[in-house]
Amino acid sequence: MSEKPKITVSVIKADIGSLAGHHVVHPDTIAAATRILAEEKSKGTIIDFYVTNAGDDLELIMTHREGVDSPKIHELAWNAFKEAAKVAKELGLYAAGQDLLSDAFSGNVRGLGPGVAEMEFVERPAEPIVIFMADKTEPGAFNLPVFRIFADPFNTAGLVIDPKLHDGFKFEVFDVFEGQSVTLSAPEEMYDLLAIIGTPARYIIRRVYRKKDNEIAAVVSVERLNLMAGKYIGKDDPVAIIRAQSGFPALGEVLEPFAFPHLVAGWMRGSHHGPLMPVPQRYAKCTRFDGPPRILGLGFQIKNGRLVGPADLFDDPAFDETRRLASRIADYMRRHGPFMPHRLGPEEMEYTTLPAVLEKLKDRFVKVVGEPKTKKPILETKMLSHHE
Ligand code: F6R
Ligand code: MG
Ligand code: MG
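Residues numbered from 1 in each chain as written. Chains lettered and ligands numbered in written order. Predicted model: local features only at pLDDT ≥ 70, side-chain atom pairs only at ≥ 80, totals over all residues. Heavy atoms only, no water.

Draft legend 1. Just the overall build of the protein, in detail. Looking only at helices and strands, one finds 10 helices and 15 strands in the protein. In summary, the protein has a C-alpha radius of gyration of 21 Å against a globular reference of 21 Å for 388 residues, a match within 12%. In terms of its C-alpha atoms, the protein occupies a principal-axis envelope of roughly 80 × 55 × 40 Å. Looking at the protein as a whole, 52% of its 388 residues qualify as buried. Split by element, the accessible area of the protein, about 17600 Å² in all, is 55% carbon and sulfur. Taken together, the 48 basic and 53 acidic charged side chains of the protein have centroids lying 3 Å from each other. (Helix = DSSP H or I, 4+ residues; strand = E, 2+ residues; numbered from the N terminus. Rg over C-alpha atoms; globule rule 2.2 N^0.38 Å. Buried < 20%, exposed > 50% of the residue type's maximum accessible area, 1.4 Å probe, protein only. Areas by Shrake-Rupley, 256 points an atom, 1.4 Å probe, with all protein chains shown as cover. Lys, Arg positive; Asp, Glu negative; His and termini not counted. Charge placed at Lys NZ, Arg CZ, Asp CG, Glu CD.)

And the structure:
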């Protein structure tokens, strides 16, 4: 039993408006949020903070001793977003205030609009963490890399050769449709785990624990704005916190899966698949066809709650080939235009005209004699959400 008090890392993000479309946050909104968090730091509510952006998402990285889901911390994040949104409105930024779905704060930002990843732990003598922030994609985009980090021995050598990792990890998987979760152990239940997380729009790895001692290793935000609002309002661009080294995967093992720019959902109008491109902070802006989907990785050491850093982890020529491959995949996917699988399936699109088109054409469809009608429609055309 350690005597040390626990520390909480909270990463809370929202799109409160951006410059020249949905591609990048304006520096004045970063300044507005920074001012609020600096005040809270001087009052002692939070220990430390770092404000940045991934594309059009404003990202608040905070440390404190209030635990996860603390109304105090969520409220100050909410206030920081409100202040930033006020500036966004003054500047006439695009979609100003879009993720602040409610005018009144009610104790917890979950369900209100912002995305949240938080973890509480006793700081190790040296505590390296990585904060991942993605734009133009969904929380399930982390399924593949998080699986590989914590369960794939071809990615993480430590699972095989480091006695501290050799027992493996447990994965808490959240079903966003039913609002329930299930915990599976790897390597024993690896195939069951893969069977569900291969559907990343629905089953999302939310937390990972080290099996040996239940120590928290990773947490992913699971907010899906399009579902929460009942219709498309904003995107559900995710964030994640991952602990590294001495008993957790090494930093290089945490970053390695991102050398493969896997296809994720959420590009252009939240309705297209595209490659996830790892980028340094200076490229954390989404231009080409509003993308391609990007991920930023910032590394910190935490010392008595102080955020030491960050290191801009994808600012490395070692990821140049990944970016080039991602660009080539982007070319390839784009050439499909409005066709699946570049365009998402009808049940997943955040924008659609399909119901209206089908309605318009309904009297022009003529029954083809001799062709049987399938009992169940092959394509479910009912939308999860619809942007007006
Ligand atoms: C938003 C996003 C963008 C928008 C697109 C259309 O984060 O992913 O691709 O969906 O730019 O935006 P509106 O409907 O605001 O013109
Ligand atoms: Mg946006
Ligand atoms: Mg975004």
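Draft legend 2. The arrangement of the pattern of salt bridges in detail. If you walk through the whole model with that rule in mind, you get 24 salt bridges. The partner of Lys211 in a salt bridge is Glu188, and the shortest N-O contact between them spans 2.8 Å. Here Lys211, found in the loop between strand S8 (203-210) and strand S9 (216-220), pairs with Glu188, found in the loop between strand S7 (180-186) and helix H5 (190-197); they are 23 residues apart in sequence, far enough to count as distant. A relative accessible area of 22% places Lys211 in the partly exposed class. (Salt bridge = Lys/Arg side-chain N within 4 Å of Asp/Glu carboxyl O.)

Draft legend 3. How the structure looks around the environment of Asp167. Relative to the assigned elements, Asp167 resides in the loop between helix H4 (158-161) and strand S6 (169-175). Accessibility expressed as a relative area gives 41% for Asp167, which makes it partly exposed. Sequence separation between Asp167 and Arg210 is 43 residues, and the spatial gap between their C-alpha atoms is 8.1 Å. Apart from the residues lying within four places of it in its own chain, the contact partners of Asp167 are Ala186, Pro187, Lys211 and Lys212. (Contact = heavy atoms within 4.5 Å.)

Draft legend 4. Spatial organisation of the coordination of the magnesium ion (ligand 3). The magnesium ion (ligand 3) binds to the protein through Asp56 (OD), Asp57 (OD), Asp135 (OD) and Asp237 (OD), with metal-donor distances spanning 2.0 to 2.3 Å. The sequence pattern describing where the donors of the magnesium ion (ligand 3) fall on their chain is D-D-x77-D-x101-D. In this structure the magnesium ion (ligand 2) is found 4.1 Å away from the magnesium ion (ligand 3), and Asp56 serves as a bridging donor for the pair. Just as Asp56 is buried, Asp57 falls in that class too. (Donors = N, O, S within 2.8 Å, 3.2 Å for Na, K, Ca; no water.)

Draft legend 5. Region of interest: the coordination of the magnesium ion (ligand 2). Coordination of the magnesium ion (ligand 2) by the protein is provided by Asp15 (OD), His22 (ND1) and Asp56 (OD), with metal-donor distances spanning 2.2 to 2.6 Å. Mapped onto the sequence, the residues coordinating the magnesium ion (ligand 2) show the spacing D-x6-H-x33-D.

Draft legend 6. Main features of the site of ligand 1. Around ligand 1 sit 10 residues, and of these His22, Tyr94, Lys136, Asp290 and Tyr351 come closest. Here an oxygen atom of ligand 1 sits 3.0 Å away from a polar atom, N or O, in the side chain of His22. One of the side-chain N or O atoms of Tyr351 is found 2.5 Å from an oxygen atom in ligand 1. Summarising the interface, the protein chains cover 84% of the accessible area of ligand 1, which totals 410 Å² for the free molecule. (Near = heavy atom within 4 Å. Polar contact = N/O pair within 3.5 Å; in protein donor to acceptor, adjacent residues only side chain to side chain.)

Draft legend 7. Seen up close, the packing of aromatic side chains. Scanning all chains against the criterion turns up nine aromatic pairs. The side chain of Arg282 reaches across the aromatic face of Tyr283, ending 5.0 Å from its centre. (Phe/Tyr/Trp six-rings, centres within 6.5 Å; stacked < 30°, edge-to-face > 60°. Lys NZ or Arg CZ within 6 Å of the ring centre and 35° of its normal.)

Draft legend 8. Molecular detail of helix H3 (residues 143-151). Burial analysis of H3 places seven of its nine residues in the buried class, which makes it a mostly covered element. Taken residue by residue, H3 has Asn143, Pro145, Val146, Phe147, Ile149, Phe150 and Ala151 as its buried positions.

Draft legend 9. Structural detail: the nonpolar core. In terms of nonpolar packing, the biggest core is built from 38 residues, with Phe132, Val146, Phe150, Phe169, Phe171 and Val208 touching the most fellow members. If you tally residues by element for this core, the top one is H3, at five residues. For Phe150, the contacting residues outside a window of four places in its chain are Leu159, Phe169, Phe171, Val208, Ala217, Ala218, Ile242 and Pro249. Residues Ile12, Leu60, Met62 and Ala85 belong to the second largest nonpolar core, which totals 30 residues. (Core = buried A, V, L, I, M, F, W, Y, C linked by side-chain atoms within 4.5 Å.)

Draft legend 10. Main features of unusual backbone geometry. At the junction of Ala186 and Pro187, the peptide bond is cis and its omega measures out at 15° in the coordinates. Position of Pro187 among the secondary structure elements: in the loop between S7 and H5. The peptide bond linking Gly291 to Pro292 adopts the cis configuration, its omega dihedral lying at -10°. In this structure, Pro292 sits in the loop between strand S13 (277-279) and strand S14 (294-303). Positive phi values are uncommon outside glycine, yet Lys136 reaches one of about 65°. If you check the backbone angles, Asn214 has positive phi at about 60° while not being a glycine. Tracing the backbone through its elements, the reader meets Asn214 in the loop between S8 and S9. Residue classification places Asn214 among the partly exposed positions, given a relative accessible area of 43%.

Draft legend 11. Just the packing of H3 against H5, in detail. Packing of H3 against H5 leaves a shortest axis separation of 11 Å and a crossing angle of 165°. Taken together, H3 and H5 sit at an angle that is classed as roughly antiparallel. As for the relative orientation of H3 and H5, their crossing is right-handed in sense. Residues Asn143, Phe147 and Ala151 of H3 form the contact with H5, whose participating residues are Met190, Leu193, Leu194 and Ile197. When the residues that make up the contact of H3 with H5 are grouped by side-chain class, the tally is six nonpolar, one polar and no charged. (Axes fitted to C-alpha atoms, helices over the stretch in contact; angles between N-to-C directions. Parallel < 35°, antiparallel > 145°, perpendicular 65-115°, else oblique. Left-handed = near helix turned anticlockwise from the far one by under 90°. Nonpolar A, V, L, I, M, F, W, Y, C, P; charged D, E, K, R; others polar.)

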